[in-house]
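One letter stands for each residue in the lines below.
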Amino acid sequence: MGELSYAEIKAAATRIAGRVRPVTVTRADDLAVDGGAAELYLALEFTQHTGTFKARGAQNFLLAHREAGTLPAAGVTIASGGNAGLACAWAAREQAVPATVFLPATAPQVKVQRLRSYGADVRLVGAEYADALTACLEFADVTGALASHAYDHPDIAAGAGTVMIELLERIHGLDTVVVAVGGGGLFAGVATVAQQHRIRTIAVEPENCRALNAALQAGRPVDVPLNSVAADSLGARRASDLALRAAQHEGVRSVLVTDAEIVRARQALWDDYRFAVEHAAGTGLAGVRSPTGYRPSAGEKVCVVLCGANTDPADL
Ligand SMILES: Cc1ncc(COP(=O)(O)O)c(C=O)c1O
């Protein structure tokens, strides 16, 4: 089982520099903690191209293949109607190669339209995601297109980890970084960089969408049931090996939060800062606000990565 390396993430940062938007960081209101206050910073990664950090991994994946001379004329293919699919379609357009995106026929029209707006060839196959995935892999086999993945690939995780390299420059003396976890691509990248700088990483998951937490408990990736308001982006059935390996280091904490806490944190981001973000981003903040989350110490510098904003703001 492989492990992501810091060198891979530094290489990714060099590769995608100038092709993604640098992260913006804002100092937020202090968190009240035992014996005082902790400094809270918010990384506004939802202002990234396509609305999430996924743009970083998708760019890195395609550029690494281009560098290696292995980017085929048939382009790239992925089975995802979510943020990974959007990022893949966007990166393919940037690299002027085709993107073929497979979705179940039940996918909402708005997702299909958004993918098409980035120039993707959208194919609707079967009733479930598994059918779309099979069709995607068959398509890759037949055409030679590169099969991409939402989180389980070193180039994707390394690309996501580049946000942490930027945070090191933005926040001097950072003690703790907080990320929401789906399949663990973002977490693996961020935790690998953080560990090198003795920064703690908090991995936050909805209590009923806990692929990484369950993998840590079992000592190997295992399938979990998915039921959360954040499942549209954090609903990976299984964490990656890379994520599990990164989580087994000292300095990583896995915490679970309830849907009610996620909804409250997302609402607070709107009420207090006028950030309309998706539930995945609310999950990160809930990780330091909720009683089941991580409790910083007085004086600790904590940064929460607000990872995405592909949301319907109507419920705010
Ligand atoms: C907005 C957002 N945040 C977090 C995640 C989780 O990322 P990962 O699967 O790399 O853990 C996703 C995944 O789609 C996402 O779209």
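Scroll up for the structure.
Here is a short report on the structure shown in this document. (Residues numbered from 1 in each chain as written. Predicted model: local features only at pLDDT ≥ 70, side-chain atom pairs only at ≥ 80, totals over all residues. Heavy atoms only, no water.)

The next thing to look at is the sheet that holds strand E6 (residues 121-124). Ordered in space as E6-E5-E4-E7, the four strands form an open sheet in which the pairing is parallel. Taken across any chain shown, the strands that pair with only one partner, and hence form the sheet edges, are E6 and strand E7 (146-147). The strands that helix H3 (residues 83-94) touches are strand E4 (76-79) and strand E5 (99-103); relative to E4, the one it contacts most, it runs at about 170°. (Pairing = 2+ DSSP bridges. Helix = DSSP H or I, 4+ residues; strand = E, 2+ residues; numbered from the N terminus. Contact = heavy atoms within 4.5 Å. Axes fitted to C-alpha atoms, helices over the stretch in contact; angles between N-to-C directions.)

Here we come to the site of the ligand. Residues in contact with the ligand amount to 17 residues; listed here are only the nearest, Asn 83, Gly 182, Gly 184, Gly 185 and Leu 186. Note that an oxygen atom of the ligand is positioned 3.4 Å from one of the side-chain N or O atoms of Lys 54. At a separation of 2.9 Å, an oxygen atom of the ligand approaches a polar backbone atom of Gly 185. Protein chains shield 96% of the accessible area of the ligand, which is 380 Å² for the free molecule. Its residues placed into classes, the shell around the ligand shows seven nonpolar, eight polar and two charged. (Near = heavy atom within 4 Å. Polar contact = N/O pair within 3.5 Å; in protein donor to acceptor, adjacent residues only side chain to side chain. Areas by Shrake-Rupley, 256 points an atom, 1.4 Å probe, with all protein chains shown as cover. Nonpolar A, V, L, I, M, F, W, Y, C, P; charged D, E, K, R; others polar.)

This paragraph deals with the packing of aromatic side chains. Tallying each qualifying case throughout the model produces three aromatic pairs. Plain terms: the ring middles of Tyr 273 and Phe 275 are 5.9 Å apart, the flat faces sit at 15° to each other, and that makes the pair stacked. Three or more aromatic residues joined by ring pairs form one cluster here, namely Phe 46, Tyr 273 and Phe 275. The aromatic ring of Tyr 6 is capped on one face by Lys 10, whose charged end is 4.4 Å from the ring centroid. Above the face of the Trp 270 ring, Arg 274 is positioned so that its terminal group lies 4.6 Å from the ring centre. (Phe/Tyr/Trp six-rings, centres within 6.5 Å; stacked < 30°, edge-to-face > 60°. Lys NZ or Arg CZ within 6 Å of the ring centre and 35° of its normal.)

Counting residues in hydrophobic clusters, the biggest one holds 76 residues, and the most contacted among them are Leu 42, Met 164, Leu 167, Val 177, Phe 187 and Leu 306. If sequence neighbours within four positions are ignored, Leu 306 has contacts with Leu 42, Ala 43, Leu 44, Glu 45, Phe 46, Leu 269, Phe 275 and Ala 281. (Core = buried A, V, L, I, M, F, W, Y, C linked by side-chain atoms within 4.5 Å. Buried < 20%, exposed > 50% of the residue type's maximum accessible area, 1.4 Å probe, protein only.)

Moving on, we come to the pattern of salt bridges. For the structure shown, the criterion picks out ten salt bridges. In this structure, Arg 245 engages Glu 3 in a salt bridge whose closest nitrogen and oxygen atoms are separated by 2.9 Å. Here the residue Arg 245 occupies a position in helix H10 (residues 241-247), and Glu 3 occupies one in the segment before helix H1 (6-16), the gap between them amounting to 242 residues. Look at Arg 245 and you get partly exposed, because its relative accessible area is 24%. Salt bridges here are not isolated pairs; linked through shared partners, they connect Arg 27, Asp 30 and Glu 39. (Salt bridge = Lys/Arg side-chain N within 4 Å of Asp/Glu carboxyl O.)

Turning next to the side chain of Thr 192. The residue Thr 192 is located in helix H7 (residues 185-196) in this model. Thr 192 has contacts with Leu 4, Ser 5, Tyr 6, Ile 9 and Ala 246, leaving out every residue within four places of it along the chain.

A few words on unusual backbone geometry. Phi is positive for Thr 50, which is not a glycine, with a value near 70°. You can see Thr 50 is positioned in the loop between strand E3 (36-43) and helix H2 (54-68). Judged by relative accessible area, which is 6%, Thr 50 ranks as buried. Within the chain, Arg 274 stands out as a residue other than glycine whose phi angle is a positive 65°. One can find Arg 274 in the loop between helix H11 (259-273) and helix H12 (279-289).

In this model, H3 (twelve residues) spans 16 Å end to end at C-alpha, consistent with the 16 Å of a helix rising 1.5 Å per residue. Burial within H3 is extensive, with ten of its twelve residues counted as buried. Asn 83, Ala 84, Gly 85, Leu 86, Ala 87, Cys 88, Ala 89, Trp 90, Ala 91 and Ala 92 are the residues of H3 that are buried. Lining the buried residues of H3 we find H2, E4, E5, helix H4 (109-117) and helix H9 (231-234). One or two positions beyond H3, positive phi appears at Ala 96, with a value near 55°. (Expected span 1.5 Å × (residues − 1).)

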